[in-house]
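As a plain string of letters, each chain reads:
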Amino acid sequence: MLFRSLRRLGSRVNRCPRLGSNAPIMRRLEEAIARVADFECPVLITGETGCGKEEIARAIHASGPRRDRPFVPINCGGLVATIAESQLFGHEKGAFTGANGVSLGGFRAADGGVLFLDEIGEMPLELQPKLLRVLQRGDVTPVGSTVDHHVNVQVIAATNRDLEADRKSTRLNSSHTV
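All residue numbers here refer to positions counted from 1 along the written sequence of the relevant chain. Only residues with pLDDT of at least 70 are given local features in this predicted model, and only at 80 or more are side-chain atom pairs given and counted; all residues enter the totals for whole chains, interfaces and linings. To get the side-chain values, take all heavy atoms of the structure and skip hydrogens and water.

Considerations on the sheet that holds strand β3 (residues 114–118)
- Pairing between two strands is assigned when DSSP locates at least 2 bridges connecting them. Numbering goes from the N terminus for both helices and strands, where a helix is a DSSP run of H or I of at least four residues and a strand is a run of E of at least two. In space, the four strands of this open sheet follow the order β1-β6-β3-β2, with parallel pairing throughout. Two strands in the sheet have a free side with no partner beyond their single neighbour: β1 (43–46) and β2 (71–75). Across this sheet, the average inter-strand angle for adjacent strands is 20 degrees, counted without regard to direction.
- In this structure, β2 lies alongside β3, joined through five bridges in parallel fashion. Simply put, an axis is a line fit to the C-alpha atoms, just over the touching stretch for a helix, and the angle between two N-to-C directions goes from 0 to 180 degrees.

Written out as structure tokens, the structure is:
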């Protein structure tokens, strides 16, 4: 049984060609990616800017059961607070000035696959309750709608911030902390 597990792990690790390296630390990283990919739960990747957090998220996606489904990256650091809710959760036609059509938003676009939220620590605070609702229930309500849409999305988030320190300093709302 152990041999079969190691053989399966080895074949999954080889699906990370962008991370390919013979360095022991990289082999441990590839093994961790393969282990994490087995679980369809939210994942938080931390590290300094430029260290390859998105590449790790893509490797988790490529190694997991959702590999044939969408991978939708969203840079939360680039979200403008006034339209961030629409970019994440979608909107209905006429929901606001300039909403000339329906937009799925990142969660519905990633339905069945993976939504990668890069720089999650930069997300506007007012979106925390809605994000928590999606993580807990899988329900998204587009801007301008009263109808919930159920989504089946694995969320992988990344940050270069110390989120625990932010939570303690009230940068993050402790009653809705994701």
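After presenting the structure, the write-up continues.
Here's the deal with helix α6 (residues 128–137)
- Partly exposed describes any residue whose relative accessible area lies between the buried limit of under 20% and the exposed limit of over 50%, with all areas from a 1.4 Å probe on protein chains only and scaled to the type maximum. Of all the positions in α6, only Q128, L131, L132 and V134 are classed as buried. Seen end-on, α6 carries its buried residues on one side only, within an arc spanning 160 degrees. For α6, exposure combined with an orientation more than 90 degrees from the buried face picks out Q136 and R137.
- Packed against the buried residues of α6 are α4 (81–89), α5 (105–109), β3 and β4 (139–140).
- Following α6 by one or two positions, G138 has its phi on the positive side, about 80 degrees. Starting at the helix axis, one direction is taken to each C-beta atom, and the arc is that of these directions. Contacts are residue-level and defined by heavy atoms, with any inter-residue pair within 4.5 Å sufficient.

Quick word on the packing of helix α2 (residues 24–37) against helix α3 (residues 53–63)
- For the pair α2 and α3, the least separation of the axes is 8 Å and the interaxial angle reads 50 degrees. As judged from the angle between their axes, α2 and α3 are oblique. When the axes of α2 and α3 are compared, the crossing they make is right-handed. In this structure, α2 contributes L29, I33, V36 and A37 to the contact, and α3 contributes I56, A59, I60 and S63.
- Asp, Glu, Lys and Arg are counted as charged, while Ala, Val, Leu, Ile, Met, Phe, Trp, Tyr, Cys and Pro are counted as nonpolar; the rest, among them Gly, fall into the polar class. For the contact of α2 with α3, the per-class residue count stands at seven nonpolar, one polar and no charged. Orientation labels follow simple angle bins: below 35 degrees gives roughly parallel, above 145 gives roughly antiparallel, 65 to 115 gives roughly perpendicular, and whatever is left gives oblique. By definition, turning the near helix anticlockwise from the far helix through less than a right angle yields a left-handed crossing, and turning it clockwise yields a right-handed one.

Focus on the nonpolar core
- Each nonpolar core is a collection of buried residues, namely Ala, Val, Leu, Ile, Met, Phe, Trp, Tyr and Cys, held together in the definition by side-chain atoms within 4.5 Å. In this structure, L88, F107, L115, L117, I120 and M123 are the most contacted members of the largest nonpolar core, which totals 22 residues.
- Only β2, α4, β3, α6 and β6 (154–159) provide two or more residues apiece to this core.
- Broken down by element, the residue count for this core peaks at three residues, all from α4.
- For F107, the residues in contact, after removing those within four places along its chain, are L88, F89, L115, L131, V134, V140, V151, V153 and V155.
- In this structure, I45, I56, A57 and A158 belong to the second largest nonpolar core, which totals 13 residues.

Section: the side chain of H91
- Relative to the helices and strands, H91 is located in the loop between α4 and α5.
- Taking the relative accessible area as the measure of exposure, H91 reaches 10% and is therefore buried.
- Nitrogen and oxygen atoms within 3.5 Å of one another constitute a polar contact, given that in protein one can donate a hydrogen and the other can accept it, and given that sequence-neighbouring residues count only through two side-chain atoms. Only 3.2 Å separates the side chain of H91 from the backbone oxygen of G101, close enough to count as a polar contact.
- Residues contacting H91, with those up to four places away along its chain left out, are S86, F96, A99, G101, V102, S103, P142 and V143.

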